[in-house]
Amino acid sequence: MSNTRMSITLINGRGSLEQLRHIARDRQTFDLDAGARGRVDASRKVVEDILKKDEAVYGINTGFGELARVRVPKDKLGELQRNLVLSHATGIGEALGAKTTRLILALKIIGLARGLSGVRWSVIERLKQFLDFDLLPQIPAKGSVGASGDLAPLAHLGCALIGVGRVKYRGYEMSAMRAHERAGIEPLKLEAKEGLALINGTQVSTALALQGLWATENIFSAALVSGALTTDAIQGSDTPFDPRIHEARGLTGQIDAAKALRSLMSGSEIRASHADCDRIQDPYSIRCQPQVMGACLDALRHAAHVLETEANAVSDNPLVFAEHGEILSGGNFHAEPVALAADHLALALAEIGALAERRIALLIDKHLSNLPAFLVQNGGLNSGFMIAHVTAAALASENKSLAHPASVDSLPTSANQEDHVSMATFAARRLSDMHENTCGIIGIELLAAAQGVEFRRPLKSSTVLETEIAAIRERVTPYTEDRFFAPDIAAARALVDSGRYRATVDGHIHLPSGT
């Protein structure tokens, strides 16, 4: 995984997943395209023209939600926007992490810079200053149902802009007002439409889902490596990975997964040593890796397409179309596309982990693997990987509950005006727990499979897989007898989470966010 700084210009509606990953992960700064200022000023002029005509338009001079029929006097419009932000800042729970918050700020900038939200350019400049100054609002993780947008969490972002609430400034938590003073900037004074544009949108759920996507890519790559290692460790057949089988089905993800597995195991001495053995079929967790992992890859790619599109979207309401001088009220704030994409990622994570857990069970079973029981000598005196597998089973089981689709749930809000909601924010937020669980499962498999391959010495696996075993052994020594196990699992989990395996499978698997 490269941390190389890159020059980023976000073109109107065309920010890439790779660019967004750099912004979130590497604190990468960015510029907007040259046309952004003109688009934003044109949409703002429409809002100001409506105010001059004193027309009643939702979000500009009316109340909100069930109170949309209430007209607000012109001299109260700034107070209306400030009250909106303050009253909607009702989130609870731990604050979102710095990477997620940076991404939320970037996505809000991208959406507003499309020039369909009617805000002043100074609002976008202030959001950009927050990013550039490392001034991050403390946004509670809980409180959004994913329609009308991520109201509560985005209201906490809006509060920080007006000098209310808590922030982290260069890593230190303090009041938003104190951070403004230290940064040498004045709190923003909201004008008509601006509070609504800030709190209305899917940026929180989308940022959380993007973090889940990138984590799933890391896990998927590592699981291909751990699965290939396990296949070699049990002296599994590579016939099920023959390209003709997968081309007969025609599913792109399956074809690509089989190709990656063939490449990872190519040149293995272990495979060559049992080319003519009498084993006819391996268990499904070995034989059906291309089918299961390929389906997960297809789900991952679909989610990536949806989330990249949503990251560049305008998802507040109402929208200002300057070329027609119109303001239209719709429902782009409904985060159902994000919820479904996050649910797809959750299912993929659960299945990747479930398949790996079964392979760990296979490795430690001496009757199936023809390896020492629990992958350790002197069984009985030593327990080896017995309870490491129990941990993997516990994590896989927990993932099953977490993978239940969040998008099928809905509770009406705002006096039944908002009568169907997406639950996208929870759908995306729970991916973090699933990522932690699945990292643990794959980490345990990497340790077990490396141990299994080493029991086949002096035979060696493929050049690629031997390189990965060496990387594991730089961090975790072989198991000759029982020892304190938890630090070894933590080291293996860190390997999975590092993104190392993205580069290992690069060239065989196209990951949507690149390497």
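Summary of the structure given here. (Residues numbered from 1 in each chain as written. Predicted model: local features only at pLDDT ≥ 70, side-chain atom pairs only at ≥ 80, totals over all residues. Heavy atoms only, no water.)

### A look at the packing of aromatic side chains
Both the distance between ring centres and the angle between the ring planes are used here to describe each pair of aromatic rings. In this structure the tally under the stated criterion is three aromatic pairs. Here the aromatic rings of Phe385 and Tyr479 are separated by 4.9 Å at their centres, their planes lie at 70 degrees, and the arrangement is edge-to-face. Taken together, the residues Phe385 in the loop between α16 (366–369) and α17 (386–402) and Tyr479 in the loop between α19 (463–473) and α20 (486–497) connect sequence positions 94 residues apart. Taking 5.2 Å as the distance between ring centres and 85 degrees as the angle between the ring planes, the aromatic pair formed by Phe385 and Phe485 counts as edge-to-face. Of this pair, Phe385 sits in the loop between α16 and α17 while Phe485 sits in the loop between α19 and α20, placing them 100 residues apart in sequence. Residues Phe385 and Phe485 agree in their burial class; the two are buried. Just above the ring of Phe30 sits the side chain of Lys128; from NZ or CZ to the centre is 5.1 Å. In this structure, Arg483 is placed above the aromatic ring of Tyr479, and the distance from its NZ or CZ to the ring centre is 4.1 Å. (Phe/Tyr/Trp six-rings, centres within 6.5 Å; stacked < 30°, edge-to-face > 60°. Helix = DSSP H or I, 4+ residues; strand = E, 2+ residues; numbered from the N terminus. Buried < 20%, exposed > 50% of the residue type's maximum accessible area, 1.4 Å probe, protein only. Lys NZ or Arg CZ within 6 Å of the ring centre and 35° of its normal.)

### Re unusual backbone geometry
In this structure, Ser148 follows Ala147 across a cis peptide bond, with omega equal to 5 degrees. Of note, Ser148 is situated in the loop between β5 (140–142) and α6 (151–161). Along the chain, Arg457 connects to Pro458 via a cis peptide bond; the corresponding omega equals 15 degrees. Inspection of the secondary structure assignment puts Pro458 in the loop between α18 (424–454) and α19. Its identity is not glycine, yet Phe374 carries a phi of approximately 60 degrees, on the positive side. For Phe374, the location among the structural elements is in the loop between α16 and α17.

### Concerning the pairing of strand β6 (residues 166–169)
Successive residues of a regular strand alternate their side chains across the two faces of the sheet. Residues Val167 and Tyr169 point to one face of β6 and are all buried, whereas Arg166 and Lys168, pointing to the other face, are not buried. Judged from the four bridges that link them, β6 and strand β7 (residues 172–175) form a sheet pairing that is antiparallel. Across the sheet, Val167 pairs through a bridge with Met174, a residue of β7. Joining the antiparallel neighbours β6 and β7 is a turn of two residues, in which Arg170 adopts a positive phi near 50 degrees. (Pairing = 2+ DSSP bridges.)

### What about the pattern of salt bridges?
The tally for this structure, following the rule as stated, stands at 28 salt bridges. In this structure, Arg502 and Glu217 form a salt bridge, with 2.7 Å as the shortest nitrogen-oxygen distance. Placement of Arg502 in helix α21 (residues 500–505) and of Glu217 in helix α9 (residues 203–233) is noted, with a sequence separation of 285 residues between them. Across the pair Glu474 and Arg475 runs a salt bridge, and its minimum N-O distance is 3.6 Å. With a relative accessible area of 42%, Arg475 lands in the partly exposed category. (Salt bridge = Lys/Arg side-chain N within 4 Å of Asp/Glu carboxyl O.)

### Quick look at the sheet that holds β7
If you trace the three strands from one edge of the open sheet to the other, you get β4-β6-β7, paired in antiparallel fashion. Both edges of this open sheet fall to β4 (135–137) and β7, since each of them pairs with a single strand only. Ignoring strand direction, the axes of neighbouring strands in this sheet form an average angle of 35 degrees. (Axes fitted to C-alpha atoms, helices over the stretch in contact; angles between N-to-C directions.)

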